[in-house]
Structures are given as C-alpha cells and as structure tokens.
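Fold and contact review
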Amino acid sequence: DQQVKQNSPSLSVQEGRISILNCDYTNSMFDYFLWYKKYPAEGPTFLISISSIKDKNEDGRFTVFLNKSAKHLSLHIVPSQPGDSAVYFCAAKGGGADGLTFGKGTHLIIQP
Amino acid sequence: AAGVIQSPRHLIKEKRETATLKCYPIPRHDTVYWYQQGPGQDPQFLISFYEKMQSDKGSIPDRFSAQQFSDYHSELNMSSLELGDSALYFCASSRAETTDTQYFGPGTRLTVL
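Remember, predicted model here, so these are calculated numbers, not experimental data.

1. Observations regarding the overall build of chain A
Within chain A, the secondary structure is distributed over zero helices and 11 strands. For chain A, the succession of helices and strands along the chain, N to C, is β-β-β-β-β-β-β-β-β-β-β. Here chain A has a C-alpha radius of gyration of 13 Å; the compact-globule value for 112 residues is 13 Å, and the two agree. Reported as C-alpha extents along the three principal axes, the dimensions of chain A are approximately 40 × 30 × 20 Å. Counting all 112 residues of chain A, 45% fall into the buried class. Split by element, the accessible area of chain A, about 5,300 Å² in all, is 48% carbon and sulfur. With 11 positive and 10 negative side-chain charges, chain A shows a separation of 2 Å between the mean positions of the two kinds.

Okay, here's the thing in structure tokens:
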C-alpha cells in the first residue's frame, strides 16, 4: 500500500511561471514531509521540509504547503527556471531516525 | 560544503557473491540511513543507525546487514547476491537535532550478473 502518493507522473510548465507539484499521504502519524529533486543516477537533493504542526514553509523560490485535514501537501516553485527540470520526490517520516517513505516522483519539465 | 561520501561508486558482482558498500556521513552527523532504488522505482528505506545503534528498520532482506562505526561511517554488507539486488544504493545522513532533513550521497550502483 502506497502511503505517499504523487499522482502526476509528469508536469510541463513554461519558464517563468509557477510550478505546483502535489503529494497525498495516508499515514496520519507522519511528523515531517520533505521534497527532494533528483537527476538520473544521482542522489536526491534536499529542497525543503515542513513539520506536521505547520501549514507553510518558504525558502527562496520554494514554498511547501501542508493541509493536514486533507492529508495533502504541495510544492510551489516561483518562478520556474530551466534548471528546475528534474524528478521531484515527496517524502514523509516519523520522528527521530525514522526512514523516509517516498512517493513515485513527478517529472517536471520547464519549457523555454 | 562537505557532502555524504559513498564508495565504491560502481560495483559489479556475480550471483551468490558478497558486496560491501561504505558510507561516510557529513561531518558532525551522527545518524545514517540506507536506501535502495531499483530501476524506475522510488527509493526504498532499508535501515538506519543513530550513535552506532540500529534505529529504524525497513525492507532490508535478511541477507543484508549493516553497522555504524565509532567514527560514524557505516557499511552495508550484502551476501548471496541475487539478480534483483541490482540497484542504486544511497546513504543519507542527518544530525539528531535536525532529523527532519536527510542529506543523500551520490549512490553506489550495484550490478549483479
């Protein structure tokens, strides 16, 4: 059973516009949610995280929104740049040294 | 800034052989995690260690074992390798105070022939 779901395998956005990547989860015990950017054959690069007690976290062009009642989070990238083209993974974890549970990823394509 | 170091970067083994993957966490990070990513799959958590003690366990096969040493580096030992073990193996590290963030290494690509 997939506890973290990214229902859009791919997303195409024009350069300069907003990219919105969505993620749903089923386990209400998750304490933290993270977004990673990944290129083929490389390790995931941490982008931004949010605690389950917050509803928004912002870092530069990246903002993550958490809706606990809907068990939904989203990553906003504004403005989108060509270098943002990659696979984006949503991940969730409990407290302490718990491992991450990943979604299947969304391939973001930024078009010039 | 220093990142997570993994060695080797590439490894080719035959079926039924053993393999050892090494991970050196970011300096002052005391927690390490191991993940396996098969072709076209999302990373799957295997196991984690905090202060040399196993902390959390995921879908790690019984043929695999891991440990964390006094200098905080970790090794993943894989025995009786199977074709299905061919994957990218990632190590990640974090500090106990900020376990909401895990930083990943570049991965070791294991190919079992």
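2. Some thoughts on the sheet that holds strand β3 (residues 19-25) of chain A
Residue and element names in this part refer to chain A. The sheet built from five strands is open, its strands ordered β1-β3-β8-β7-β6 with antiparallel pairing. Both outer strands of the open sheet, β1 (4-5) and β6 (56-59), are each paired with one neighbouring strand and no more. Pairing of β6 with strand β7 (residues 62-67) involves four bridges; the strand directions are antiparallel. Within β7, the position partnered with Asp-59 by the bridge is Phe-62.

3. Some words on the nonpolar core
When a protein is soluble and globular, its nonpolar side chains tend to lie buried together. By size, the foremost hydrophobic cluster in this structure holds 23 residues, and its most contacted members are Phe-33, Trp-35, Leu-73, Leu-75 and Tyr-88 of chain A. Every element with two or more residues in this core is listed here: β3, β4 (32-38), β5 (45-51), β7, β8 (72-77), β9 (86-93) and β11 (106-111) of chain A. Among the elements that line this core, the one with the most residues is β9 of chain A, at four residues. Not counting residues within four places of it along the chain, the set of residues in contact with Phe-33 of chain A comprises Tyr-25, Ile-48, Ser-49, Ile-50, Ser-52, Leu-66, Leu-73, Ala-91 and Ala-92 of chain A. Ala-19, Trp-34, Ile-47 and Ala-66 of chain B belong to the second-largest nonpolar core, a separate cluster that totals 22 residues.

About the criteria used
- Residues numbered from 1 in each chain as written.
- Chains lettered and ligands numbered in written order.
- Predicted model: local features only at pLDDT ≥ 70, side-chain atom pairs only at ≥ 80, totals over all residues.
- Heavy atoms only, no water.
- Helix = DSSP H or I, 4+ residues; strand = E, 2+ residues; numbered from the N terminus.
- Rg over C-alpha atoms; globule rule 2.2 N^0.38 Å.
- Buried < 20%, exposed > 50% of the residue type's maximum accessible area, 1.4 Å probe, protein only.
- Areas by Shrake-Rupley, 256 points an atom, 1.4 Å probe, with all protein chains shown as cover.
- Lys, Arg positive; Asp, Glu negative; His and termini not counted.
- Charge placed at Lys NZ, Arg CZ, Asp CG, Glu CD.
- Pairing = 2+ DSSP bridges.
- Core = buried A, V, L, I, M, F, W, Y, C linked by side-chain atoms within 4.5 Å.
- Contact = heavy atoms within 4.5 Å.

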